[in-house]
Amino acid sequence: TSPNGRFVEGARAIDGKVLSRMEAVGKNLFAFFSSHDDSSSSSSDESDDLVVMHVHFGMSGMWAVFNSTMEEPDIKPTTLLRLEEIIAPSTSSTAGKI
């Protein structure tokens, strides 16, 4: 979801997709989503429906990860990633795009 409304189209692009992997490079986080679980495939980056989410955290941004069975954290995120087993709010990110 996009609690502040800045990433509505990006949230729509990954809704219902499977998170296949994540990579961090410096203050940048890249999350790779597709329509099916291709994490065991060596050609996951060649998927026609691959969507890559890029987040830049700036000087103080963070992404926390909580078990989805726990009470939702009292955090005011700029972006909130909900998966079957986790809730991951992001705060203070300076840029996010799909």
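Everything below is about the structure shown above.
Right, let's walk through the structure included here. (Residues numbered from 1 in each chain as written. Predicted model: local features only at pLDDT ≥ 70, side-chain atom pairs only at ≥ 80, totals over all residues. Heavy atoms only, no water.)

1. Remarks on the overall build of the chain
Item 1. If you tally the helices and strands in the chain, you get one helix and eight strands.
Item 2. Secondary structure of the chain in N-to-C order comes out as α-β-β-β-β-β-β-β-β.
Item 3. Out of the 98 residues belonging to the chain, those deemed buried represent 33%.
Item 4. In the chain, the proportion of contacts linking residues at least 24 apart, taken out of those at least 6 apart, comes to 44%.
Item 5. Approximately 6,100 Å² of the chain is accessible, and the part contributed by carbon and sulfur atoms is 51%. (Helix = DSSP H or I, 4+ residues; strand = E, 2+ residues; numbered from the N terminus. Buried < 20%, exposed > 50% of the residue type's maximum accessible area, 1.4 Å probe, protein only. Contact = heavy atoms within 4.5 Å. Areas by Shrake-Rupley, 256 points an atom, 1.4 Å probe, with all protein chains shown as cover.)

2. Points about the packing of aromatic side chains
Item 1. Counted by the stated rule, this structure contains zero aromatic pairs.
Item 2. In this arrangement the basic side chain of Arg21 is found over the ring face of Phe32, its NZ or CZ atom lying 3.8 Å from the centre. (Phe/Tyr/Trp six-rings, centres within 6.5 Å; stacked < 30°, edge-to-face > 60°. Lys NZ or Arg CZ within 6 Å of the ring centre and 35° of its normal.)

3. Some details on the nonpolar core
Item 1. Counting eleven residues, the largest nonpolar core consists of Ile14, Leu29, Ala31, Phe33, Val51, Met53, Val55, Phe57, Trp63, Leu81 and Ala88.
Item 2. Residues contacting Trp63, with those up to four places away along its chain left out, are Leu29, Met53, Val55, Phe57, Thr79, Leu81, Ala88, Pro89 and Ser90. (Core = buried A, V, L, I, M, F, W, Y, C linked by side-chain atoms within 4.5 Å.)

4. Details of the pattern of salt bridges
Side chains that differ in sign of charge can pair as their charged atoms come close.
Item 1. Under the counting rule described, the total for this entry stands at one salt bridge.
Item 2. Where Arg21 meets Glu23, a salt bridge forms, and the shortest distance between an N and an O atom there is 1.9 Å.
Item 3. For Arg21, a relative accessible area of 24% puts it in the partly exposed group. (Salt bridge = Lys/Arg side-chain N within 4 Å of Asp/Glu carboxyl O.)

5. Side note on the environment of Val55
Item 1. As for its placement among the helices and strands, Val55 is situated in strand β3 (residues 51-56).
Item 2. Overall, the relative accessible area of 4% leaves Val55 in the buried class.
Item 3. Placed 28 residues apart in sequence, Val55 and Lys27 show a C-alpha to C-alpha distance of 8.3 Å.

6. A look at the environment of Met70
Item 1. Tracing the backbone through its elements, the reader meets Met70 in the loop between β5 (66-67) and β6 (79-82).
Item 2. Through-space distance from the C-alpha of Met70 to that of Ile86 is 9.1 Å; in sequence the pair is 16 residues apart.

7. A few points about the pairing of strand β7 (residues 86-91)
Item 1. Most of β7 is tucked away: five of the six residues are buried.
Item 2. Bridge analysis of strand β4 (residues 62-63) against β7 gives two bridges, and the strand direction is antiparallel. The residue of β7 that forms the bridge with Trp63 is Ser90.
Item 3. The sheet contact formed by β5 and β7 spans two bridges and is antiparallel. Within the sheet, the bridge partner assigned to Asn67 lies in β7 and is Ile86.
Item 4. Linkage of β6 to β7, two consecutive antiparallel strands, is achieved through a turn of three residues. (Pairing = 2+ DSSP bridges.)

8. As for the environment of Arg21
Item 1. Checked against the element boundaries, Arg21 lands in strand β1 (residues 18-25).
Item 2. In sequence terms Arg21 and Phe33 are twelve residues apart; their C-alpha atoms lie 7.5 Å from each other.

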